[in-house]
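Reading the structure
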Amino acid sequence: MKFNKHLLPLLILHCAVFLGSAFSALPPHACDASNPLNRSYGFCKTSLPISERVRDLVSRLTVDEKISQLVAKSAAIPRLGIPAYNWWSESLHGVAWRERKRGIQFPGAEIQFGVYAIQFLNGTIHTATSFPQVILTAASFNPRLWYQIGEAIGTEARAIYNSGQATGLTFWAPNINIFRDPRWGRGQETPGEDPVVASRYSVSYVRGLQGDPFEGLESSGGPEHLRASACCKHFTAYDLDSWKNITRYMFDAKVSLQDLADTYNPPFKSCVQEGRASGIMCSYNSVNGVPPCADSNLLSKTARHDWGFNGYIVSDCDAVAMIYTPHHYSKTPEDGAAASLRAGMDVDCGTFLLQHTKSALQQKKLSEFDVDRALYNLFSLRMRLGLFNGNPKNQLFGNIGPNQVCSKKHQNLALKAAREGIVLLKNSAKLLPLSRTRTGTLAIIGPNANVTETLLGNYAGPPCKRVSPLQALESQVKNSTYYSGCDTVACNSSVSITKAVKVAKAADYVVLIMGLDQTLEREEFDRVELGLPRKQRTLITHVAKAAKKPVILVLLSGGPLDISFAKRDPNIGSILWAGYPGEAGGVAIADVIFGNYNPGGRLPITWYPQQYTKIPMTDMRMRPDPASTYPGRTYRFYQGRQVYEFGFGLSYSTYSYKFVSGTQKTLSLNPSNIVPATKDSTSNSTIHYTDVLGVEFCESLKFSAVVQVKNHGEMAGRHPVLLFVRWSSMKPGAPIKQLVAFESVHLDAGERVEVDFIVRPCDHLSKTDENGSKMIEEGSHSLLVGDAECNVNIFS
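Conventions we followed
Residues numbered from 1 in each chain as written. Predicted model: local features only at pLDDT ≥ 70, side-chain atom pairs only at ≥ 80, totals over all residues. Heavy atoms only, no water. pLDDT = per-residue confidence, 0-100. Contact = heavy atoms within 4.5 Å. Phe/Tyr/Trp six-rings, centres within 6.5 Å; stacked < 30°, edge-to-face > 60°. Buried < 20%, exposed > 50% of the residue type's maximum accessible area, 1.4 Å probe, protein only. Helix = DSSP H or I, 4+ residues; strand = E, 2+ residues; numbered from the N terminus. Lys NZ or Arg CZ within 6 Å of the ring centre and 35° of its normal. Disulfide = S-S within 2.5 Å.

What follows is about the confidence of the model for the protein. Residues at a pLDDT of 70 or more form 92% of the protein, whose mean pLDDT is 92. The model gives residues 1-24 a pLDDT under 50, and that stretch makes 27 contacts with residues more than four places away or in other chains. Within the model, the stretch residues 109-121 combines pLDDT values under 50 with 35 contacts to residues more than four positions away or in other chains.

A few words now on the packing of aromatic side chains. Aromatic ring pairs: the centre-centre distance and the angle between the two ring planes describe each pair. With the rule as written, the count across this model stands at 26 aromatic pairs. Arranged with centres 5.0 Å apart and planes meeting at 15°, the rings of Tyr-41 and Phe-43 form a pair that is stacked. In terms of burial, Tyr-41 and Phe-43 fall into one category: buried. Geometrically, the ring pair formed by Tyr-612 and Tyr-638 is edge-to-face, given 5.5 Å between the ring centres and 80° between the ring planes. Within this pair, whereas Tyr-612 is found in the loop between helix H20 (585-593) and helix H21 (634-637), its partner Tyr-638 is found in the loop between H21 and strand E19 (655-659), the two being separated by 26 residues in sequence. With a relative accessible area of 8%, Tyr-638 lands in the buried category. An aromatic cluster of at least three residues, connected via ring pairs, comprises Phe-141, Trp-146, Tyr-201, Tyr-205, Tyr-635, Phe-646, Phe-724 and Phe-742. Taking the ring centre of Phe-742 as reference, the NZ or CZ of Arg-200 above it sits at 5.2 Å. Directly above the aromatic system of Tyr-509 lies the positively charged group of Lys-549, at a separation of 4.9 Å from the ring centroid.

On to helix H12 (residues 352-362). Considered for burial, the residues of H12 that qualify are Phe-352, Leu-353, His-356, Thr-357, Ser-359, Ala-360 and Leu-361. Turning to H12, the residues buried within the fold contact helix H3 (63-68), helix H10 (321-324), helix H11 (333-343) and helix H13 (368-384). Of the residues flanking the end of H12, it is Lys-364, one or two places downstream, whose phi is positive at about 60°.

Let us look at unusual backbone geometry. Outside of glycine, negative phi angles account for most residues, and trans bonds account for most peptide bonds. With an omega dihedral of 20°, the bond running from Thr-325 to Pro-326 counts as a cis peptide bond. In the segment running from Leu-432 into Pro-433, the intervening peptide bond is cis, with an omega of 5°. Among the structural elements, Pro-433 can be located in the loop between strand E13 (423-427) and strand E14 (442-445). One non-glycine residue, Ala-237, lies in positive phi territory at about 55°. Here Ala-237 shows up in the loop between strand E6 (229-235) and strand E7 (242-243). By relative accessible area, Ala-237 is classed as buried at 2%.

Here the structure, examined in full by the defined rule, presents seven disulfides. Here Cys-31 pairs with Cys-44 through a disulfide, and the sulfurs are 2.1 Å apart. As the torsion about the S-S bond is roughly -80°, the Cys-31-Cys-44 disulfide counts as left-handed. You can see Cys-31 sitting in the loop between helix H1 (8-23) and helix H2 (50-59) and its partner Cys-44 sitting in the loop between H1 and H2, a full 13 residues away along the chain. Neither Cys-31 nor Cys-44 differs from the other in exposure class; each is buried. Between Cys-698 and Cys-762 runs a disulfide, and the two sulfur atoms are separated by 2.0 Å. With the S-S dihedral at roughly -80°, the linkage between Cys-698 and Cys-762 falls on the left-handed side. Linking Cys-698 in helix H23 (residues 695-700) with Cys-762 in helix H24 (residues 761-764), this pair joins segments that are 64 residues apart in sequence. Grouping residues by exposure puts Cys-698 and Cys-762 together as buried.

Structural data, given as structure tokens:
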């Protein structure tokens, strides 16, 4: 029969209806009790340990079937009743993505059939809660909040799966790379520049998403039953996308052992050891000449052996192919495929292993044992998710349904997170908060005022609701006037300064909502400038000068901005940084401006001046080099002018601190069973290596540092308390100071609370030497909270 091409659109429409119906059916799973074949398969017997079940399953596969499982879109194995599985889903700050390549689908997502695009027509879940972008969430310095967000995302992920709208439960988040350079387009996805913050964020998020308690599990190896699977990415030293024709796909990061040990790797170590994440993603870049996806020292020795990682390792997308080219680490494609599997990687986000694994086996560059090892990790993970136990709706997490997606609880949490993250950078003469009753007219000006998509940042799904800052502010003051000022955030088109000035002059108060968006900073698009677009700055300055009273400047951005001009300008009375605050961000901004919420966020990254862009992004060194005028990076090492420092943030209240347990602590590091200490020739001080001291003795050194915090203001507020250490010896390479611990506390007006920090000297008071080893230096060191100080004397 001759095929009539004119019937193709109708055929596609029928397919779309069918696919939509199928997608709302039962979630894909194996070992259904209704299938008589499954009763004889060992891998379907839930009474057996997962290890035995996986060995049985792998033993039944042909070589071709095995290879089909080594990629993100793993094929079905119909003869064994095993459905296809998609390893790629995203949940950076909410269940995300609508494209056909991902494991999650929302109704309306397009699928391409040749030149035709069809859409899924059915499905009960159309949206998911969109929390603030990670950099703003990190500004809350509230681990309990981070856990709750992970928990909400994990719940919504399982609900979408249970509703038949997903082909996977493995989510490639969190992004815990250090925000090393302020130009990095993906810095918005991270918890910031500090390894302690990134570490604690990773642990809190992973435990929440996977279904563990906030305090973690006592058992080793990680949970056997996962609500959803989290993945620590991108391992490691990945923080450049595109700079002066150097891209992430070809960049070889030259990193010292010292910087790897005390900056780049700690978040991944914590994510694995404390968070017990079930996934790791190896990065695009090379590290000291070796692509991480082909680095057995990194994947097998460090992650699996040293840190006890129990899970699967996935490549960043097409990173396996890049082992061959552009990195040219392998001579042939088969060598590249073999190198990745032998190194300990398990699944290729791409097609390279599909194309070259079989020939690598035939050429004996790879053994079937290496393939089986990867399959063991992959199927173990799917079994921990309960996908080989029959219908998931009848299993542990089967009662999580559509009513738990975009629930009132989750939407309130999104608002709470946005509020807690917003940072008050300036508030001259206590301009904020504004009074609704005393604000007769309000002018709202700026290209980021009437937006909703910009609030979400990148890696966002369809949000539960959309409220722009303009709509939220208009709900507070009925007599409001709006003018965008620029057609786009870049302000490349003509800017009507005259009209903006006219609008500003007519109002009692002016709110300028400016900043960046994803056209100026995003994945594969690093920034060139640290300042605002030039015409934005012109608009701000003219409006501020014309307004009756000092104006309020609100900034949306993922990265830091050089706004020195606004900081100095007396016509700009208040400045708020709102990051990309998520679906509830518009409401949160209005709540802070009008005093419905007392801001308490603190910057998780240093804000640098524009001249910092003279430093090559490719220079991975954290520590300064005076000989070459290299100033170093992050608050720990940077020696230069700052626009705003790490941890800066104002409030409508003022807070005071006092160490309750005294201002001095003495520790002895000379028990009889300890190897004699080492003399440091550069500073003539005595040092002790923590591995020599031993785990048991290090644990015996821990002590409590209790800090009293008082709210002297008239408003209740949530306040992050940050504990730093500063060492007595400031020899070259030592941090200027280092965050030790932090907690977020809520205080009513006039209230005092005590925060009990547990200080572990081997972890918190140690430094890292050039070989990457931790050491404690004798002498008098200082614990700092604000202007309060406690001395810690360490001696033999």
